[in-house]
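Listed here are the chains, written in short residue letters.
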Amino acid sequence: MSEQPSSLYGEQPEAPRPQAPGLLDQLVGVFTAPVDLFRRLNQAPSWGWALGVIMVASLVITVIWGLKVDVDEMLRPILERNPQIQAAQIDMVIDMQKKFILPFGILGVLFITPAAMALVALFYWLIGKALPEAEAPSYLQALSAAIVPGLVKLPHMLLIAVICLVRPIGGLTPDKVAPTSLGYFLHVDSIKLQALYYALDLFYFAEAALAFLALRYLVRVKTAGALLAVLVPMACAIGMRLLGAK
């Protein structure tokens, strides 16, 4: 017996799968049409090229900064304020840091950066499971939401690299080089408060705003969940900077 056609008009062709936005689409989209970009990524998640570009830019900054920074000027005041380090040990610690600051920085970019983004994506995925607006998200959608908004910081990274190349930076860390944070313009005696001012960076808030949009339109999380997913990592990051300020 012959098979019956699936419909009056025979087999219907499958609808083509949505094509993931390419790197250029993502670079343009985060600045010009983030909501449209994240809706497209919801249908076809993509994160590899964005992660690669962010890591390359981070490596460029790490190498340029590591070759230009005055490690003595950066570390001596911190070590002198540490009662657990004797004065005779300070020079030895600084000499050791001069040898390892660049290789450790490179290893940090290669391993800690992707691991941190994977953990953020896991957090987004769990929030999406708990507070979905529609169907629960996939981990690939959450990973795209954790990585692609970071493309908005590329101009900031380029600015830091250029400043490090064209002028002396003394003992400044990369977050203190560019005039994009409140700490660049306001200087106070309190080390903790100064660290907070440096954390209030224009591009950091731009990334947070894009992360919120990504959670709403890519991961499809409810508004409360998107706010929670953005504010908790932000509070943790700022808290760690304040704790580390010495």
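Note: the structure precedes this text.
Model, not experiment: these values are computed from the prediction.

Each value, and the rule that gives it
- Within every chain, residues take consecutive numbers counted from 1 along the sequence as written.
- Side-chain atom pairs in this predicted model are given and counted only at pLDDT of 80 or more, local residue features only at pLDDT of at least 70, and totals for whole chains, interfaces and linings cover all residues.
- Side-chain numbers come from the whole structure's heavy atoms, not from hydrogens or water.
- Only DSSP runs of H or I with at least four residues qualify as helices, and only runs of E with at least two residues qualify as strands; both kinds are numbered from the N terminus onward.
- Every radius of gyration here is taken over C-alpha atoms, with the globule rule written as 2.2 Å times N^0.38, N being the number of residues.
- In this description, accessible areas are obtained by the Shrake-Rupley approach with a 1.4 Å probe, and a residue is regarded as covered only by the protein chains that are shown.
- For the purpose of charge, His is not counted, nor are the chain termini; Lys and Arg are scored as positive and Asp and Glu as negative.
- Here the site of a charge means atom NZ of a Lys, CZ of an Arg, CG of an Asp or CD of a Glu.
- Whenever a carboxyl oxygen of Asp or Glu lies within 4 Å of a side-chain nitrogen of Lys or Arg, that contact is scored as a salt bridge.

Enquirer: How do you make sense of the overall build of the protein chain when you look at a structure like this?
Expert: Helices and strands together make up the secondary structure of the protein chain, namely eleven helices and zero strands. Listing each helix as α and each strand as β along the protein chain from the N terminus yields α-α-α-α-α-α-α-α-α-α-α. A compact globule built from 246 residues should have a C-alpha radius of gyration of about 18 Å, whereas the protein chain, at 23 Å, is more than 25% larger. Summarising its shape, the C-alpha atoms of the protein chain cover approximately 95 × 35 × 35 Å along the three principal directions. A total accessible area of about 14300 Å² is found for the protein chain, and carbon and sulfur atoms account for 67% of it. Put simply, the protein chain has 18 plus and 17 minus side-chain charges, and the middle of one group is 5 Å from the middle of the other.

Enquirer: Explain the pattern of salt bridges to me, please; I cannot follow it from the model alone.
Expert: When charged atoms on two side chains of opposite charge get close, those side chains can pair. In the structure shown here, the tally under the stated rule is seven salt bridges. The partner of Arg40 in a salt bridge is Asp25, with the nearest N and O atoms 3.7 Å apart. On the criterion of sequence distance, the pair formed by Arg40 in helix H2 (residues 34-43) and Asp25 in helix H1 (residues 23-32) is long-range, its members being 15 residues apart. Between Arg76 and Asp72 there is a salt bridge whose closest N-O contact spans 2.8 Å. Remark: Asp72 and Arg76 occur in helix H4 (residues 71-80); sequence separation between them is four residues, near one turn of the helix.

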